Amino acid sequence: MTKKQQEVFISYSSKTSDFADLLKMKLEKAGISVWQDRYEIKAGANWRNSIDSGILNSDSIVVILDDNSSKSHYVTYEWAFALGNGKNIIPLLLDHCEVHPRIQVLQNLDCRDQKRPWEALIDSISKSSNAHNSKSPNDQRLIDIWKGIQSLIEANKKNNDEGDSNNTSALN
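Small disclaimer: the values here were computed from a predicted structure and weren't measured. What you see as residue numbers is a count from 1 along each chain, following the sequence as written. With pLDDT at 70 or above as the cut-off, local features in this predicted model cover only qualifying residues; side-chain atom pairs require 80 or more to be listed or tallied, and sums for whole chains, interfaces and linings still use all residues. Excluding hydrogens and water, the side-chain figures rest on all heavy atoms present in the structure.

A few points about the nonpolar core
Buried residues of nine kinds, namely Ala, Val, Leu, Ile, Met, Phe, Trp, Tyr and Cys, make up a nonpolar core once their side-chain atoms join them within 4.5 Å. The buried label applies to any residue whose accessible area, calculated with a 1.4 Å probe on protein chains only, is under 20% of its type's maximum; exposed applies above 50%, and partly exposed to all values in between. Judged by nonpolar contacts, the single largest core of 19 residues is most densely connected at Leu23, Leu27, Val62, Ile64, Leu92, Leu121 and Ile125. For this core, the secondary structure elements donating two or more residues are β1 (7-11), α1 (17-29), β3 (60-65), β4 (88-93) and α7 (118-133). Counting residues per element, this core draws most heavily on α1, which supplies four residues. Note on contacts: a residue pair is in contact if any heavy atoms of the two residues lie within 4.5 Å. With sequence-adjacent residues up to four places away left out, Val62 is seen in contact with Val8, Phe9, Ile10, Ser11, Leu23, Ile90, Leu92, Leu121 and Ile125. Within the second largest apolar cluster, 16 residues are counted, among which are Leu56, Val63, Leu65 and Leu93. Secondary structure elements follow DSSP: runs of H or I of four or more residues count as helices, runs of E of two or more count as strands, with numbering from the N terminus.

What to know about the packing of aromatic side chains
Any two aromatic rings considered together are summarised by their centre-to-centre distance and by the angle between their planes. Under the pairing criterion, centres of Phe, Tyr and Trp rings, with the six-membered ring standing for Trp, must be within 6.5 Å; the plane angle then separates stacked pairs below 30 degrees from edge-to-face pairs above 60, leaving the rest tilted. All told, the structure shown has three aromatic pairs when counted by the stated rule. Taken together, a centroid distance of 5.5 Å and an interplanar angle of 75° make the contact between Trp47 and Tyr74 edge-to-face. Taken together, the positions of Trp47 in helix α3 (residues 47-56) and Tyr74 in helix α5 (residues 73-84) put the pair 27 residues apart, joining distant regions of the chain. Relative to Phe81, the ring of Tyr77 lies with its centre 5.7 Å away and its plane at 15°, an arrangement referred to as stacked. Here the residue Tyr77 and the residue Phe81 both occupy positions in helix α5, the gap between them amounting to four residues, near one helical turn. The class for Tyr77 is partly exposed, based on a relative accessible area of 27%. Whether a charge sits over a ring comes down to the Lys NZ or Arg CZ being within 6 Å of the ring centre and within 35 degrees of the ring normal. Directly above the aromatic system of Tyr39 lies the positively charged group of Lys24, at a separation of 5.1 Å from the ring centroid. Over the ring of Tyr77 we find Arg48; its NZ or CZ atom is 4.3 Å from the centre of that ring.

Spelled out as structure tokens, the structure:
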């Protein structure tokens, strides 16, 4: 039986994209697959669905915390969605900032003052991946149900948009 490659989603503010790129490079060098929006979302794709899928397909979510990300609604959405789906959250504290109370209780890795705890991060990811791989078949069933619901919502939106354009054509 082959071991499943660990998958990590990186959540960050665009202002820390250089650090996110460095993180991606370090994780991939350690044999960990990384989902990062700027490399995974293609032009014309529904970016919200792409992000949701990236989170659902990841074992761990690494949240880069700094003043910008702590104020970002998108970063908050990502870690909250991940928590709601039972994902392992690993906060990386890049700079002093206000941290949301829900993730403040999670042990962070301190990257302030040029500290780079890469080995501790890789160890945390490996341990969470082992726990994730031992989940029951019911967990996968719930993920499949969630994906099905998302597909139905998108199809409904598309049908409503087409209906609106047909109604507009009839008025002309």
